[in-house]
Amino acid sequence: MGALETRAGDLTRARPLIEAAAQREPSVEAFSVLAAIDRQRKDTKNALSALDRVIALAKQQGDVTEQAEARLTEFEIHRDAARSAEAKQALNDALKLVLEARRTAKVPQQQAR
């Protein structure tokens, strides 16, 4: 249901449904959606918190690409809020992760991503 509400643009109704699903079954996808909803609602504190969960879960799964994408989103949030030091650090972390993902990619499709 939360995904339907999100696609329909009803973020107020979608957020509690996605949050409940994320609490029951934590996943990179669920917390990524929460971060996107919170970012769109200008709730940067909760967006960054959801991104922290994305990064933690992606680390557990060994998914460097998801970690890099979350760090890039962190960069954008900090940049938009004119927090240049935090933005610089998040971008630096994202770039390091992208290089790591590229270095460890095993198939051409992973290298192209």
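Look a little higher up for the structure.
Here's a quick rundown of the structure. (Residues numbered from 1 in each chain as written. Predicted model: local features only at pLDDT ≥ 70, side-chain atom pairs only at ≥ 80, totals over all residues. Heavy atoms only, no water.)

This part is about the packing of helix α2 (residues 11-24) against helix α3 (residues 28-40). At a closest axis distance of 9 Å, the pairing of α2 and α3 adopts a crossing angle of 150°. The angle between the axes of α2 and α3 places the two elements in the roughly antiparallel class. Read as a crossing pair, α2 and α3 show a hand that is left-handed. In contact with L11, A14, R15, I18, E19, A22 and Q23 of α2, α3 contributes A30, F31, V33, L34, I37, D38 and Q40. A class-by-class count of the residues in the contact of α2 with α3 yields nine nonpolar, two polar and three charged. (Axes fitted to C-alpha atoms, helices over the stretch in contact; angles between N-to-C directions. Helix = DSSP H or I, 4+ residues; strand = E, 2+ residues; numbered from the N terminus. Parallel < 35°, antiparallel > 145°, perpendicular 65-115°, else oblique. Left-handed = near helix turned anticlockwise from the far one by under 90°. Contact = heavy atoms within 4.5 Å. Nonpolar A, V, L, I, M, F, W, Y, C, P; charged D, E, K, R; others polar.)

Turning our attention to the packing of helix α4 (residues 44-61) against helix α5 (residues 64-80). Packing of α4 against α5 leaves a shortest axis separation of 8 Å and a crossing angle of 165°. Overall, the two elements α4 and α5 adopt an arrangement that is roughly antiparallel. When the axes of α4 and α5 are compared, the crossing they make is left-handed. Taken together, the residues of α5 that come into contact with α4 (itself represented by T44, A47, L48, L51, D52, V54, I55, A58 and K59) are E66, Q67, A70, R71, T73, E74, I77 and H78. Considering only residue class, the contact of α4 with α5 consists of eight nonpolar, four polar and five charged.

For the structure on display, the rule yields eight salt bridges. Residue E76 pairs with R39 through a salt bridge whose shortest N-O separation is 2.9 Å. In this pair, E76 is assigned in helix α5 and R39 in helix α3, connecting sequence segments 37 residues apart. Using a relative accessible area of 28% as the deciding quantity, one classes R39 as partly exposed. With its nearest N and O atoms 3.3 Å apart, the salt bridge here joins R39 to D80. Taken together, the residues R39 in helix α3 and D80 in helix α5 connect sequence positions 41 residues apart. Among the charged side chains, a salt-bridge network with shared partners connects R15, E19, D38 and R41. (Salt bridge = Lys/Arg side-chain N within 4 Å of Asp/Glu carboxyl O. Buried < 20%, exposed > 50% of the residue type's maximum accessible area, 1.4 Å probe, protein only.)

A positive phi angle, close to 65°, is found at K42, a residue other than glycine. Turning to its location among the elements, K42 is positioned in the loop between α3 and α4. The phi angle at A82 is positive, at roughly 60°, despite the residue not being glycine. Within the secondary structure, A82 is located in the loop between α5 and α6 (84-104).

Take the environment of T104 next. Inspection of the secondary structure assignment puts T104 in helix α6. Considered as a pair, T104 and V64 are 40 residues apart in the sequence and their alpha carbons are 9.2 Å apart. Polar contacts involving the side chain of T104 include one to the main-chain carbonyl oxygen of E100, which spans 3.0 Å. (Polar contact = N/O pair within 3.5 Å; in protein donor to acceptor, adjacent residues only side chain to side chain.)

Let us now look at α4. Helix length check: α4, at 18 residues, gives a terminal C-alpha distance of 25 Å against a target of 26 Å (1.5 Å per residue), a fit within 8%. Residues A47, L48, A50, L51, V54, I55, L57 and A58 constitute the buried set of α4. Looking at the buried side of α4, the elements it contacts are α3 and α5. (Expected span 1.5 Å × (residues − 1).)

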